[in-house]
Structure formats: structure tokens, C-alpha cells
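The primary structure of each chain is shown beneath.
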Amino acid sequence: MARILIADDSNVIRTRVASWIAHEHDLELVGQAENGARCVDLFQRLKPDVIILDVEMPELDGIETLRQIRAIDATVPVIMFSALTELGSRTTVASMLAGATDHVAKPASFRVEDETRRLLIARVRSLVRQRVFASLTGSTSVVEHHETQVPEAPEIIVVAASTGGPPALREFLTAVGRIEVPIVVVQHIPAHFLGLLVEQLATMLAADVAIGIDGETLAAGSVRFAPSGTHIEVRSREGRMLLGYSDLPPVNSCKPSADILFASAAMTARRPIAVILSGMGSDGLVGAGTIVANGGGVYAQDRRSSAVWGMPGSVVDQGLARLVGPPDRIGARIRLLSQRAVKV
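Keep in mind it's a predicted model, so treat the numbers as computed, not measured. Counting from 1, residues in each chain are numbered in the order their sequence is written. Two thresholds apply to this predicted model, a pLDDT of at least 70 for residue-level local features and 80 or more for giving and counting side-chain atom pairs, whereas whole-chain, interface and lining totals are computed over all residues. Just so you know, side-chain values use all the structure's heavy atoms and leave hydrogens and water out.

Some points on the environment of His 188
Stage number 1. Runs of H or I in DSSP of at least four residues are treated as helices and runs of E of at least two as strands, each being numbered from the N terminus. Counting through the fold element by element, His 188 comes out in the loop between β8 (183-187) and α7 (191-205).
Stage number 2. Separated by 68 residues in sequence, His 188 and Pro 256 have C-alpha atoms that sit 7.3 Å apart.
Stage number 3. Residues are treated as being in contact if the distance between any of their heavy atoms lies within 4.5 Å. Beyond its immediate sequence surroundings of up to four residues, His 188 is in contact with Ala 161, Ser 162, Cys 254, Pro 256, Asp 283 and Met 311.
Stage number 4. Pairs of N or O atoms within 3.5 Å make up the polar contacts considered here, provided that, within protein, one atom can donate a hydrogen while the other can accept it, and that residues adjacent in sequence are counted only when both atoms are side-chain atoms. Of note is the side chain of His 188, whose polar atom sits 3.3 Å from the side chain of Ser 162.
Stage number 5. A polar atom in the side chain of His 188 sits 3.0 Å from the side chain of Asp 283.

If you want it as C-alpha cells, here you go:
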């Protein structure tokens, strides 16, 4: 029985969600909080398995509530439950970067309530399964699987992330800093959040972070994200690396797919490095194999720091990862690698 805590200043929303959970045999609502301060108090006393957290609340808003919870527990799944307004979307993206595990939009009308209920319950169950799996199998710390001397820096860094990816990306990119190597990212996230995520990362990092454009030349120090609903590839023309869009069908139910990005980098760039951060499923696994087969390297986020260890765990299980560690450790290693030959 998974134990759920909800925090929302609307009694209507709390009552509605309570009724949804009451109909599920494997879920139990153990607490309701009308504001963030009450949520933090109940979390410490009740130790729920999942928290459903409103973004906009009086006294202590969702982001500050999340920060206080993360100071106590870095891994408990927190689903942000917010309205899809412009302000709500910006705040939700800020909460993702602060450590929210997932997000679900509140129903705009009674007509979509059943859809929202199904989605929220499915997300709760999925996060509970991941948490149980992690508790049963322990945690993987920083492990260097190989120590092979690398004679020169990689030509490109390609990154994959999904659920729990935004805060991992923030930590990774902060540690990398500005390097003389382009970075291309596939982050599975709804289209209405992608632009805001990229915008907030660009501001936080004071860096060249943007959504990639078809045909764009990849410049040193740039960070480019795949657009939602479009595969992105690394291509070569007259000695330059370019971005290219691809309208192939979804891969691993994902579009964009890390497998397509990774495979294209393996065929185009010298010694590409693939980084796999928190996310459900195994997108990037096949592409990571192609990277390794073509002389590149793979780094994976460790279980301890991952909100969901599906994607990084899949490459670790297959023995493809040179380094398994938290995002800042991976970023620091890549920063060194981009500057000089180091043992990885």
C-alpha cells in the first residue's frame, strides 16, 4: 500500500484527489495539507511514499516547500500538480529545476477530469514502483569501470534525460561550465515546458543554451536541446558539425529519442561522450552501444542521485558506462576531459 500526501490550498482539489485515491486498492491518502508549512510538518511525521504538491500556495509556496523537503529527503518522489497557465508553467519549470520528480496539469474542466485522474494515478504508481525497486537493489556509488588513457578531447557531448532530468541537467551543466565542445540534449518533456526550461537554464548558467535549429552549425560552448516532437541528429558538412531534424517515427515511444541522437553522434563525431541522466525506460541504451562501438564513452547518473534510475540503469546493467556518478561529478570529469587527456 503506497502512502500519499497531498498539499493544496484548494479544499476542492484536495477533496477531489482524495476521492480518486480512495478508489485505488494499492494507494492510501495519509495526509492533506492546506499550505506548504503544514506539508513539511506532515511529511516529517508521516513519511509518505509520494507527495502531490501544488505550486501556488499561501504562506509557503510549492517551490520553497519543495526545497525544505529536499533538505530533509533528496529522493522522495514529488509530483507538482499545477494549472497550465503561463505563470503556472513558469513556476512548475522552476520547481522541476529545484528537484521536483514529475508534474501533472490540473484539469481545466470537468470534461478532462477522468483523463487527469488516470494520468496522476499512473504517475504515482510508476514512481512508487521505481522507489521500491531502488530500495530492494541498494544504491550504486561512483564507480570507474575502465581506466583508459584518452589522447584527446571528445568532439561532442550528447545527453539524454527524462523524469527527474531538469535538476540533474542543472547540476551537470553547472559543473561542466563553458567548454570548447558543443553539447546536444534530448530531454523528454512536454512542449509547453521545454521553452521555459531552456530559458531558465540559459539565465541560471549565463550560457548559450537554446532549442536547436535545423541546419544550425554546432559551436563550441553551445548547449542545444532537441525540440519536442522532433528527432534531432548530428550531421557533418564540409568539416562542420550541424544539427538536423528528422521526422522518423517515435523510438522507444519517444520523439525526440536519445537513441537517434546518440547513433548520429557516433557516426559523425570523433570520440563522442554520451551522458545518461535520470529517466524512466531505456531510451539511449541502443545508441550508447553504438557510441562505445565507435570509440566513444558513456557516463551514467548513479542510482543514489537519480529520481528514476531507468535510463541510466539500463546502460550500467549492460556494462556500457565508463563512469557512474552524480551529475556534478560527471560534469566535472567532462570539463577536465575537454581540456586535456585524462584517465576515464
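Once you've had a look at it, read on.
Points about unusual backbone geometry
Stage number 1. Omega for the peptide link from Lys 255 to Pro 256 comes to 15 degrees, which places this bond in the cis form.
Stage number 2. Positionally, Pro 256 belongs in the loop between β12 (240-246) and α8 (258-268).
Stage number 3. One non-glycine residue, Glu 59, lies in positive phi territory at about 75 degrees.
Stage number 4. With respect to the element layout, Glu 59 can be found in the loop between β3 (50-53) and α3 (62-72).

Digging into the pattern of salt bridges
Stage number 1. The term salt bridge refers to a side-chain nitrogen of Lys or Arg lying within 4 Å of a carboxyl oxygen of Asp or Glu. Taken as a whole, this structure holds 17 salt bridges when the rule is applied.
Stage number 2. Measuring nitrogen to oxygen at the nearest pair gives 2.7 Å for the salt bridge that ties Asp 26 to Arg 125. Residue Asp 26 is found in the loop between α1 (11-22) and β2 (27-33), and its partner Arg 125 is found in helix α5 (residues 113-137); the two are separated by 99 residues along the sequence.
Stage number 3. Its relative accessible area of 24% is what places Asp 26 among the partly exposed residues. Accessibility here uses a 1.4 Å probe with only protein chains present; expressed as a share of the type maximum, an area under 20% marks a residue as buried, one over 50% as exposed, and anything in between as partly exposed.

What about the sheet that holds strand β5 (residues 102-105)?
Stage number 1. Pairing is parallel across the open sheet formed by five strands, whose spatial order is β2-β1-β3-β4-β5. Lying at the two open borders of the sheet, with one neighbouring strand each, are β2 and β5. For this sheet the average axis-to-axis angle between neighbouring strands, irrespective of direction, equals 25 degrees.
Stage number 2. By this definition, two strands are paired if DSSP reports at least two bridges between them. Two elements, strand β1 (residues 2-7) and β3, share four bridges in a ladder whose sense is parallel. By the bridge assignment, Ala 7 is partnered in β3 with Leu 53.
Stage number 3. Note on geometry: axes are C-alpha line fits, over the in-contact stretch for helices, and angles between N-to-C directions span 0 to 180 degrees. Where α1 meets the sheet, it contacts β1, β2, β3 and β4 (78-82), and its direction lies at approximately 165 degrees from that of β2.

Focus on α1
Stage number 1. An expected span of 1.5 Å times one less than the residue number is assigned to each helix. Given a rise of 1.5 Å per residue, twelve residues ought to cover 16 Å, and the 16 Å separating the end C-alpha atoms of α1 matches this to within 8%.
Stage number 2. Turning to α1, its buried residues number three or more, namely Ile 13, Arg 14, Val 17, Ala 18, Trp 20 and Ile 21. Looking down the long axis of α1, one finds its buried residues gathered within 160 degrees of arc, a one-sided arrangement. Opposite the buried face of α1, by more than 90 degrees, sit the exposed residues Val 12 and Ala 22. This arc is built from the directions going out from the helix axis to the C-beta atoms.

Let's talk about the pairing of strand β11 (residues 231-237)
The side chains of a regular strand alternate, first on one face of the sheet and then on the other.
Stage number 1. Across seven bridges, the pairing between β11 and β12 is antiparallel. If you follow Ile 232 over to β12, its bridge partner there is Tyr 245.
Stage number 2. The hairpin formed by β11 and β12 contains two residues between the paired strands, and Glu 238 there has a positive phi angle of roughly 55 degrees.

Description of the side chain of Ser 162
Stage number 1. Of note, Ser 162 is situated in the loop between β7 (157-161) and α6 (165-176).
Stage number 2. Those residues within four positions of Ser 162 in sequence are excluded, and the remaining contacts are Gln 187, His 188, Ser 278, Gly 279, Met 280 and Met 311.

Comments concerning helix α10 (residues 310-317)
Stage number 1. By the criterion of burial, α10 is predominantly enclosed, with seven of the eight residues buried.
Stage number 2. Among the residues making up α10, those that are buried are Gly 310, Met 311, Pro 312, Gly 313, Ser 314, Val 315 and Val 316.
Stage number 3. Once α10 finishes, Gly 319 follows within two positions and takes phi at roughly 70 degrees, a positive value.

Considering the packing of α6 against helix α11 (residues 327-339)
Stage number 1. Contact pair α6 / α11: the axes reach a minimum separation of 7 Å and the direction vectors enclose 30 degrees. The angle between α6 and α11 places the two elements in the roughly parallel class. In terms of crossing hand, the pair formed by α6 and α11 is right-handed. Where α6 approaches α11, its residues Ala 168, Glu 171, Phe 172, Ala 175 and Val 176 are matched on the opposing element by Pro 327, Asp 328, Ile 330, Gly 331, Ala 332, Ile 334 and Arg 335. Angles below 35 degrees are treated as roughly parallel, those above 145 as roughly antiparallel, those between 65 and 115 as roughly perpendicular, and all remaining angles as oblique. Take the far helix as your reference; a near helix turned counterclockwise from it by less than a right angle gives a left-handed crossing, and one turned clockwise gives a right-handed crossing.

Looking at the packing of aromatic side chains
Stage number 1. Ring pairs shown here join Phe, Tyr and Trp side chains whose ring centres sit within 6.5 Å, with only the six-membered ring taken for Trp; geometry is labelled stacked below 30 degrees between planes, edge-to-face above 60, and tilted in between. For the coordinates displayed, the defined rule picks out zero aromatic pairs.
Stage number 2. Should the NZ of a Lys or the CZ of an Arg lie within 6 Å of a ring centre and within 35 degrees of the ring normal, that charge is described as sitting over the ring. If you follow Lys 47 out to its NZ or CZ, it ends over the ring of Phe 43, 5.7 Å from the centre.

Description of the nonpolar core
Stage number 1. Each nonpolar core is a collection of buried residues, namely Ala, Val, Leu, Ile, Met, Phe, Trp, Tyr and Cys, held together in the definition by side-chain atoms within 4.5 Å. By size, the foremost hydrophobic cluster in this structure holds 34 residues, and its most contacted members are Ile 157, Val 159, Phe 172, Ile 183, Phe 225, Val 275 and Ile 334.
Stage number 2. Mapped by element, the contributors of at least two residues to this core are α4 (86-98), β7, α6, β8, α7, β10 (223-225), β13 (273-276) and α11.
Stage number 3. Top contributing element to this core by residue count: α7, with seven residues.
Stage number 4. Those residues within four positions of Ile 183 in sequence are excluded, and the remaining contacts are Ile 157, Val 159, Leu 173, Val 176, Ser 222, Val 223 and Arg 224.

Points about the packing of α6 against α7
Stage number 1. One way to put it is that α6 packs onto α7 with a least axis distance of 11 Å and a crossing angle of 30 degrees. One way to sum up the angle between α6 and α7 is to call them roughly parallel. As α6 runs across α7, the sense of the crossing is right-handed. Contact residues: α6 offers Pro 166, Arg 170, Leu 173 and Thr 174, while α7 offers Leu 197, Leu 201, Met 204 and Leu 205.
Stage number 2. Ten residue types, Ala, Val, Leu, Ile, Met, Phe, Trp, Tyr, Cys and Pro, are classed as nonpolar, four, Asp, Glu, Lys and Arg, as charged, and the remainder, Gly among them, as polar. Among the residues forming the contact of α6 with α7, the class breakdown is six nonpolar, one polar and one charged.

Function-wise, these values are silent; they only describe arrangement.
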